[in-house]
Amino acid sequence: MRYSILSAALLAALGLSACERPVVVSPSSPTVVAVPGPAGPAGATGATGETKKGDTGATGSTGATGNTGNTGNTGNTGADGEKGDRGKTGNTVVIVPTK
């Protein structure tokens, strides 16, 4: 039984594939190609566009505060002052503490 089903399937496959069916070719319709004609005359020049000036933009924000500057250099030594008058000789009082 096993072999008979297998044989029948094989025989059916061979029998169906042996038949040649004619290929049907449908006649193609002719392709219509449009051929462009000569170019036409140039068109009229367009009107000049309107010139309009835009509005002035808004004022910008204030900038950030700058950094502190560097410390300056040390100044030069001052000039010497005038010489004073010579002191007067006089009575000098010396106080000596007692013990």
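The rules we used
- Residues numbered from 1 in each chain as written.
- Predicted model: local features only at pLDDT ≥ 70, side-chain atom pairs only at ≥ 80, totals over all residues.
- Heavy atoms only, no water.
- Helix = DSSP H or I, 4+ residues; strand = E, 2+ residues; numbered from the N terminus.
- Rg over C-alpha atoms; globule rule 2.2 N^0.38 Å.
- Buried < 20%, exposed > 50% of the residue type's maximum accessible area, 1.4 Å probe, protein only.
- Areas by Shrake-Rupley, 256 points an atom, 1.4 Å probe, with all protein chains shown as cover.

## So, the overall build of the protein chain
A tally of helices and strands in the protein chain yields 1 helix and 0 strands. Whereas a compact globule of 99 residues would reach a radius of gyration of roughly 13 Å, the protein chain reaches 62 Å, over 25% beyond that. Here the C-alpha coordinates of the protein chain stretch approximately 160 × 80 × 25 Å along the principal axes. Relative to its 99 residues, the protein chain shows a buried fraction of 0%. When the accessible surface of the protein chain is totalled, it reaches about 11,400 Å², and 56% of it is carbon and sulfur.

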